[in-house]
Amino acid sequence: MNILTIAGSDPSSGAGIQGDMKTFNAFGTYGLSVVTAITSQNTKRFLDVKPVMASLVKSQIKSVLEDFHIDAIKIGMVYDNQTIRAIHSELGRIKIPIILDPIFKSTTGGDLQMKDAFADFKKLLIPLSYIITPNMQEAEKISGIKIKSLKDMRNAAKKIQKMGAKNVIIKGGHFLSGSKIVDMLLENKKFHTFSHDRLKFENHGGGCTFSASLCANIARGKKLSEAVDAARLFTVESMKNAAKIGSGLVIVTHAKGDEIENGLSCAISKFCSIDFIYKHIPECQTNFVYSTSNPLSLNDVMGLEGRIVKTGKRVTVAGNLKYGGSKHVASAVLEMARKFPSIRSSLNLKYDSITIKRAISKGLKISSYDRNTEPPKNKDKEGSTISWGIKKAIDRWKAPPDIIFHTGDFGKEAMILIFGKNPEDVLRKTLKIAT
Ligand code: PXL
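Residues numbered from 1 in each chain as written. Predicted model: local features only at pLDDT ≥ 70, side-chain atom pairs only at ≥ 80, totals over all residues. Heavy atoms only, no water.

Things to note about the overall build of the protein chain
Each helix and strand counted, the protein chain has 14 helices and 20 strands in total. Here the C-alpha atoms of the protein chain give a radius of gyration of 25 Å, agreeing with the 22 Å that 2.2 N^0.38 yields for 435 residues. C-alpha extents for the protein chain along the principal axes are approximately 75 × 50 × 45 Å. Going through the 435 residues of the protein chain one by one, you find that 54% of them count as buried. Relative to all contacts within the protein chain whose residues are 6 or more apart in sequence, the contacts with residues 24 or more apart total 67%. Put simply, the protein chain shows about 19700 Å² of open surface, and 53% of that area lies on carbon and sulfur atoms. Computing the positive centroid from 65 side-chain charges and the negative centroid from 41, the protein chain places the two 1 Å apart. (Helix = DSSP H or I, 4+ residues; strand = E, 2+ residues; numbered from the N terminus. Rg over C-alpha atoms; globule rule 2.2 N^0.38 Å. Buried < 20%, exposed > 50% of the residue type's maximum accessible area, 1.4 Å probe, protein only. Contact = heavy atoms within 4.5 Å. Areas by Shrake-Rupley, 256 points an atom, 1.4 Å probe, with all protein chains shown as cover. Lys, Arg positive; Asp, Glu negative; His and termini not counted. Charge placed at Lys NZ, Arg CZ, Asp CG, Glu CD.)

As structure tokens, this is what we get:
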């Protein structure tokens, strides 16, 4: 999965381009970057800022768009009118979701946007955004509404949406009793509120961490409210773990995301972009799973709660990744891992004898089972057919096969399962047979 940040450089690496790249990395995504400005700052003070020439901002954007498939874009610091117009002219017509993080001041007080650029920021960039992510002060500045209550927060969000942002999240409301902080999401016409405990110290990089992790989660195809929740949790954790690296403000420290989820979600997005893969999606659609080491139950196996579905000549992901999200493909991995613990990932494809012949010719090891020979007693036990079949298929095997297939039964679709040590290994084998 590739995501792009268009933002300013921060030499302290807490925020800006450098902070975004660390966040993208924590989510196992590949970060591309276009630099709009260079700041000189540290954790104590802000020294200087200069924009990058607009023509160079334009050509940087061109250079990444013409080469890479990009799943989502974050726009952070944009210093002047020329930069804003350059970004607008390059991104005005693209279909990639844009996460717009309005940035006016640095945590150490430096101006990160020129005053006379604000009108163009509102007119040209807000309408491009799939979601805009202001904090309270930024939301007040953009909406012109003083925010003192949840009602004001909702009104400000509605006003910003009217300016052209598809969705709005305002972060950091602090008017609830106790020490709770509220984030308010306006998704189309619906409000969602989220809350967490107020942290006791100021930090450097929290805002960028939120918008960059939201970008990564949107790229992964999460539903917006779930992407916001995942980004919030990640940001709060990163702020709690903030470290005293310089002599001033603490800098956010990103926790490494869940390796199983990172690895699987990257592989799923690569799977979806394999040429002609739609021809291999079965009627019951495809799931792709990855287990922890030594899995004991379906809850140790991550899979899609929905499926990878065929939509015409494309495939798309419907549903989120969850431990326990898959039953069928996950049962197959559990059974394989019982005998061959190195096998932790699998996906299912449509059965076709030509696909099997191709797999043999590419040197993949194949086994199979016959569903017609399943004892009736077993058939009655919900969900046990797959475990029974896999067990049978590997009964005499000393090393794990790459593929196990069956040719169906009355009312049961024939199926191919591809196995591997991890999702990349499964993808590598899939690429050998999918044409
Ligand atoms: O967190 C906002 C931000 C974004 N971009 C750059 C920054 C900062 C905050 O200091 O320096 C370059």
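Remarks on the packing of aromatic side chains
One pass over the structure, following the stated rule, counts 6 aromatic pairs. An angle of 80 degrees between the planes, with centres 5.8 Å apart, marks the rings of Phe 104 and Phe 121 as edge-to-face. Pair noted here: Phe 104 is in the loop between strand 5 (98–100) and helix 4 (118–125) and Phe 121 is in helix 4, with a separation of 17 residues, a long-range link. Among the residues examined, Phe 104 registers a relative accessible area of 9% and is labelled buried. An aromatic cluster is defined as three or more aromatic residues linked by ring pairs; in this entry it consists of Phe 104, Phe 118 and Phe 121. It is Lys 141 that lies over the ring of Phe 104; its NZ or CZ is 4.8 Å from the centre. Taking NZ or CZ as reference, Lys 141 lies 4.5 Å from the ring centre of Phe 118, over its face. (Phe/Tyr/Trp six-rings, centres within 6.5 Å; stacked < 30°, edge-to-face > 60°. Lys NZ or Arg CZ within 6 Å of the ring centre and 35° of its normal.)

Concerning the domain arrangement of the protein chain
Parsing the protein chain into structural domains produces domain 1 (2–257) and domain 2 (261–433). On a C-alpha basis, the centres of domain 1 and domain 2 stand 39 Å from each other. Residue-level contacts link 9 residues of domain 1 with 5 residues of domain 2. Approximately 610 Å² of surface area, both sides summed, lies buried where domain 1 meets domain 2, with 30% of it carried by carbon and sulfur atoms. Joining domain 1 to domain 2, the criterion identifies 2 salt bridges. A salt bridge links Glu 261 to Lys 222; the shortest N-O distance between them is 3.2 Å. Here domain 1 and domain 2 share 6 residue pairs in polar contact (both at pLDDT 80 or more) between them. Of the residues in the side of domain 1 that touches domain 2, the class split is 2 nonpolar, 3 polar and 4 charged. (Domains from an automatic or database assignment. Buried area = accessible area lost by both parts, 1.4 Å probe. Salt bridge = Lys/Arg side-chain N within 4 Å of Asp/Glu carboxyl O. Polar contact = N/O pair within 3.5 Å; in protein donor to acceptor, adjacent residues only side chain to side chain. Nonpolar A, V, L, I, M, F, W, Y, C, P; charged D, E, K, R; others polar.)

Focus on the pairing of strand 7 (residues 167–173)
Across the 7 residues that make up strand 7, a large majority, 6, are buried. Pairing analysis gives 2 bridges linking strand 6 (residues 131–132) to strand 7, with the strands arranged parallel. Paired with Ile 131 across the two strands is Asn 167, which belongs to strand 7. Pairing of strand 7 with strand 8 (residues 180–187) involves 5 bridges; the strand directions are antiparallel. When the bridges of strand 8 are listed, Val 168 appears paired with Leu 186. (Pairing = 2+ DSSP bridges.)

Some words on the sheet that holds strand 3 (residues 46–51)
Pairing is mixed in the open sheet, where 9 strands are placed in the order 3-2-1-4-5-6-7-8-9. Only two strands of the sheet have a single neighbouring strand rather than two, namely strand 3 and strand 9 (190–197). Two strands pair when backbone bridges link them, and strand 1 (residues 2–9) and strand 4 (residues 72–75) are joined in this way by 4 bridges, in the parallel orientation. Note that in strand 4 the partner of Ile 6 across the bridge is Ile 75. Along the sheet, helix 1 (residues 16–26) contacts strand 1, strand 2 (30–41) and strand 4; its crossing angle with strand 1, the most-contacted strand, is approximately 155 degrees. Each of strand 1, strand 2, strand 3, strand 4 and strand 5 is contacted by helix 3 (residues 81–91), which is oriented at about 170 degrees to strand 4, the strand it contacts most. (Axes fitted to C-alpha atoms, helices over the stretch in contact; angles between N-to-C directions.)

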